[in-house]
Amino acid sequence: MPSSWIEIDLGALRHNYQQVCRRLHPATRVLGVVKSDAYGHGMVPVARELEKSGVHFLAVSKFWEARELRSAGIRVPILVLLGLEPGEMEEAVRLQVRPVLFRPDHARELSRAARGRDLPAPFHLKVDTGMGRLGVPWDRTQGFLEEILALPGLELEGVVSHLAVADEADKAYSKIQVSRFRHVLNLLSRKGLEVTYAHISNSAGVLDIPEAHFQLVRPGIMLYGSSPSREILRPADLRPVMTFKCKVLQLKDVPPGSPIGYGRTFVTQRNTRVATLPVGYDDGYPRLLSNRGAVLVRGRRAPVAGRVSMNMITVDVTGIPDVREDDEAVILGSQGSEQITADEIADLSGTISYEIYCNMGRHACKVFLNGLDSA
Ligand SMILES: Cc1ncc(COP(=O)(O)O)c(C=O)c1O
C-alpha cells in the first residue's frame, strides 16, 4: 500500500442513488453524471455500481469517456454533454452513444455517420434556457429544428437544458428556465414530436424543484455525497463517498522558535510535535490551506502548520496523545467522531466541493470498498 490513498465507498454511492430515487415520481428515471472521472471518484467502477443499482442513463462530457465505458462493458445509454467532434460520429453511432446537438453542421455530420452505418443516431437537443453557456437559445429552437429535422437517420430522443441557480434559495429564475423549457417541449409537441426524455434537473433540481423533474433527472454531486450548496431548502441524507488517507511519514519534536516549511511562515511558540504527511497540492490538497487547514490524527484535529508543499504537509499534533509514525491520518473524511468535509476544504480555499473531489480524485491509488461484487 502506498503512503497515501483514496478510498471510494461504493455502498455510500448506492445509498446516495437511493436518496435521489426517493425524491422522484415513480415514472422519472435517473441519468447519473459520471463525467470528469465521476468527479474524481473513478468513472468505470462508479458507472458499474450505478448500472447494477438500476441507473437508466449515464452522462460524460467527452466521447473518449463514453468509449472507455463501453470498453468496460457498460451497456446503459450514454449521453455526451459536450457533443461530438465530426471524426467521432461514426464510432459513436456504432456504440449507440448519444450526443447533445446544438450546431447544424454537427447534425449534418451525425446524419452522414448514421447513413454510413445504416443505424439510427439518437440525439438530445441541447437548449439554452438561461444558463448562457451551451445550447440553442430557447426562443430559436424552431429555426434550428427546421434546419435539422429533415436530415435522414437522426432520432430526436431527448431535450436537455441546464439550470443556472437551482442551488440558490431563491427559485424564481429556475422557474423561468423551467417555463422556457416547457415552451420548447410544447413547440415540439405541436410538430408531432414527442421526445422520450426531457431533462433539466441537476442535483439541486432533484432536491428542491420537483416541477423540473420531467422524465429524467441528471444528478452528479449528490451521488458523491455532497449537497450542491448550503442554500438547498430540502437537503437529503447523503453519505460522502470519497475518503483521502495517508500515513504519518515522520514525527519530530522541536523547541519554541523553530520555523516549519517553505517561507518560514509558521514558527513554533512552544515545544511542538510536528507530523509530516506525504500529501501536498499535487495530490489536490489546496495550497490555500497553508496555516489554515486541519487533518485528523487519532480521531483529533491537527492544524496544518506552515505552507502546503507539492508533496507534503506538516501538521501540529502536540496536544494529541500517542501519535506514532505510520499512524493513519485522514485528509478528507471521518475518523472517530471527527470529520473533514469537502465543503470545509472548499470554503477555506474559495471553491466548491466539486473541484476538491476532482483534484483529489486524480490521485494514483484508489481503493474501492463495499461494491456489490465484493459483497
Ligand atoms: C449538463 C450538466 N448536467 C448535470 C450536471 C450535474 O450537476 P450536479 O453535480 O450539480 O448535480 C452537470 C454538472 O456540472 C452538468 O454540466
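Residues numbered from 1 in each chain as written. Predicted model: local features only at pLDDT ≥ 70, side-chain atom pairs only at ≥ 80, totals over all residues. Heavy atoms only, no water.

(A) Looking closely at the environment of Ser227. Within the secondary structure, Ser227 sits in the loop between β10 (216–217) and β11 (242–247). Measuring from C-alpha to C-alpha, the distance between Ser227 and Val60 comes to 20 Å, with 167 residues separating the pair along the chain. Apart from residues no more than four positions distant in its own chain, Ser227 is found in contact with Ile221, Ile232 and Leu238. Within the local environment of Ser227, its side chain forms a polar contact with the backbone oxygen of Ser229, the two atoms lying 3.1 Å apart. (Helix = DSSP H or I, 4+ residues; strand = E, 2+ residues; numbered from the N terminus. Contact = heavy atoms within 4.5 Å. Polar contact = N/O pair within 3.5 Å; in protein donor to acceptor, adjacent residues only side chain to side chain.)

(B) Representation of the side chain of Thr243 in the model. Mapped onto the fold, Thr243 is located in strand β11. Owing to a relative accessible area of 17%, Thr243 belongs among the buried residues under this scheme. Discounting chain neighbours no more than four positions away, the residues touching Thr243 are Trp5, Ile6, Glu7, Val330, Leu332 and Gly333. (Buried < 20%, exposed > 50% of the residue type's maximum accessible area, 1.4 Å probe, protein only.)

(C) Highlighting the site of the ligand. Every residue lining the ligand is accounted for by Val33, Lys35, Tyr39, Arg133, His162, Asn202, Ser203, Arg218, Pro219, Gly220, Ile221 and Tyr354. In this structure, an oxygen atom belonging to the ligand sits 2.8 Å away from a side-chain N or O atom of Lys35. Side-chain polar atom of Tyr354 to an oxygen atom of the ligand: 2.7 Å apart, as the coordinates give it. Here the ligand loses 90% of its free accessible area of 400 Å² to cover by the protein chains. (Near = heavy atom within 4 Å. Areas by Shrake-Rupley, 256 points an atom, 1.4 Å probe, with all protein chains shown as cover.)

(D) Local environment of the sheet that holds strand β12 (residues 250–254). Spatially, three strands are ordered β12-β15-β18 in an open sheet, and the strand pairing comes out antiparallel. Single-partner strands in this sheet number two, and they are β12 and β18 (313–316). On average, each strand axis in the sheet is tilted by 30 degrees relative to the strand beside it, whichever way the strands run. (Pairing = 2+ DSSP bridges. Axes fitted to C-alpha atoms, helices over the stretch in contact; angles between N-to-C directions.)

Nothing here speaks to function; it is geometry throughout.
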